[in-house]
Structures are given as structure tokens and as C-alpha cells.
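# Close look at the chain arrangement
Spelled out, the chains give:
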Amino acid sequence: MICVRFFALVAALAAVSAASADDKWATVKGQVVFPAGVPIPKREALNVTQDKDHCLSKGDILDESVIVNPKNRGVKNVVVWLRPDDATDAKAKFTPAQINPEDAKRKPAEVVIGQPCCMFVDRITIARPDDTIVVKNQAPVPHNFFWVSSNNGELNVTVPKMDQMKMPQPIVAESTPIQYKCTIHGWMTGYVRVFEHPYYAITDENGKFEIKNAPVGKFRIVYWHENGLKGGVKGRFGDQITIAGPTTELKPVDFDVSPKK
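Residues numbered from 1 in each chain as written. Predicted model: local features only at pLDDT ≥ 70, side-chain atom pairs only at ≥ 80, totals over all residues. Heavy atoms only, no water.

The pairing of strand S6 (residues 143–148) with strand S7 (residues 154–159) spans 6 bridges and is antiparallel. Its bridge partner lying in S7, His143 is registered against Val159. Between S6 and S7, which follow one another and run antiparallel, lie 5 residues, and Gly153 among them has a positive phi close to 70°. Sheet topology places S6 next to strand S9 (residues 178–181); 2 bridges connect them, and they run antiparallel. Paired with Phe146 across the strands is Lys181, a residue of S9. (Pairing = 2+ DSSP bridges. Helix = DSSP H or I, 4+ residues; strand = E, 2+ residues; numbered from the N terminus.)

This is how it looks when you write it as C-alpha cells:
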């Protein structure tokens, strides 16, 4: 009986410990929507001037700089991330205790950017330091991959048809977005954002996002679109939120991502 009670006590303590650990982390869910009353920008057909037979083989290519779902006004391709609750230091970082232990298991990855039909897939790409960018050209025509960055060098490489290009060096930290282009097909463009932490997401076709294993407590959340930050320059500090487990559902956030005039 003593042994049975001992093991029961150990099991109970383990369960309490596990529950306590789970209480430290939460899933953050939300949605980014285009403001009501503001006309949704029309997606115009792009001016395709090169390799028309291939590029237009599936019809017109529509502008992807602003994609809003007309059914629910959800905004696609908004990058959302958490940051410490600090409104003065733009370089504030999470403490080691605020990084979920599961992230330590993450290994450097190959982050693929495709060029299937005269557009980049994906237009918005997320990488972590030590990841490697691989550009795959699935098209029957050559493409180019061009970028200029502060910390990750410059590239201007031709990617032959049905071939790929792997960056010579892994990605390093960079706080600003890196724009990439195809100089052969001038309308092709996209962006890489690099994060030193795991608390980021990209909104889907309904403007929804989910950030898992986030620390509970008071933090800030930032919204970035290729047309700018929500809230302008001050938006880099984000909006204050309180995260509580197991799931924190945020109210839909209005974000006018119309091109700046």
C-alpha cells in the first residue's frame, strides 16, 4: 500500500507540474480586416510584357500587393508578431524564459520561394536566422532573383528554367523587410522577414492568424503589410495585449493597407 500511495503521489505531482507548465503558454488568434466604409482596392491585371505565352497561359495575372476578401474584408499577407511590452525600445527582445522550450528543438530549415507562373510563391516569406533560402523556378522560362539587404548581402542571379538556386550563406538577423524581385519579369516581387523568435504569423485569405506557444502576460502585437505598419512609425512598438491560456482570441483589427499616395 505504501508503494501504491507513493507512486500515486508522484503521478499527481507530475500532473500538477505539467499543468503548471501549460499555464505559462497560450495560443493567440486574431483577424486583420479592411476598415468598413473604405472602398476595397480593385486588383488590376498586371502589365505582362515578357514571355506572354507562358505567363498568361492561365489568364490575366492580378496584382497581389493588396488582397482583401470581399466576403469578410479579411486582409491577406499581413505579418503579425509579438514583442515585449516596451513602448520605448524598438530593439527590446524576449528573455530566454519567455521563449517556449519547444522552440529549442527547431532545426535550421530550407525556406522555399517558388517561381511557378511569373509570380513569386509565396509573396511574403518568413525566415529565422540560420535558415537557407532556396529559390525554385518551376517554369519553362528563365527567371531572376534579385535582392539588396542590410545584413544578408546582395543577389542578382539567373535561375534557369526548371532549376533552382540555393543561397550560399544562411540567413542572419535583419530587422527590416528584404524585398526580392525578378528583373526579367519586372512585376514579380515579394518580401522576406526574419525573426529571432517564434512568435509570428502571416494572415490567410480570410485575414486570420494564429501564434502558438506564446508566453502568457502583457505583451505587444505588431501588424506589418508591404504597404506599411499599422499605426505608422509608432506602430513598430505594437498594440498592448494581455495573453492568457489556453487561447486568447483578439478582436478583429482594422488595418487600411491601401497603397500610400
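Let's shift gears to the sheet that holds strand S3 (residues 110–114). The 3 strands lie next to each other as S3-S5-S8, forming an open sheet whose pairing is mixed. Only two strands of the sheet have a single neighbouring strand rather than two, namely S3 and strand S8 (163–166). In this sheet, adjacent strand axes meet at a mean angle of 25° when their direction is disregarded. Where S3 lies against strand S5 (residues 132–137), 5 bridges are found, and the strand directions are parallel. (Axes fitted to C-alpha atoms, helices over the stretch in contact; angles between N-to-C directions.)

To continue, consider the confidence of the model for the protein. Mean pLDDT over the protein stands at 93; residues scoring 70 or higher make up 92%. In the predicted structure, residues 12–19 sits below a pLDDT of 50 and forms 0 contacts with residues beyond four places in sequence or in another chain. (pLDDT = per-residue confidence, 0-100. Contact = heavy atoms within 4.5 Å.)

As enumerated under the stated definition, the model contains 1 disulfide in all. Across a sulfur-sulfur distance of 2.0 Å, Cys55 and Cys118 are joined as a disulfide pair. On the sign convention where negative means left-handed, the S-S torsion of about -70° between Cys55 and Cys118 marks this disulfide as left-handed. With Cys55 in helix H2 (residues 52–55) and Cys118 in the loop between S3 and strand S4 (124–127), the pair connects residues that are 63 residues apart, well separated along the chain. Take Cys55: its relative accessible area is 1%, and that puts it in the buried class. (Disulfide = S-S within 2.5 Å. Buried < 20%, exposed > 50% of the residue type's maximum accessible area, 1.4 Å probe, protein only.)

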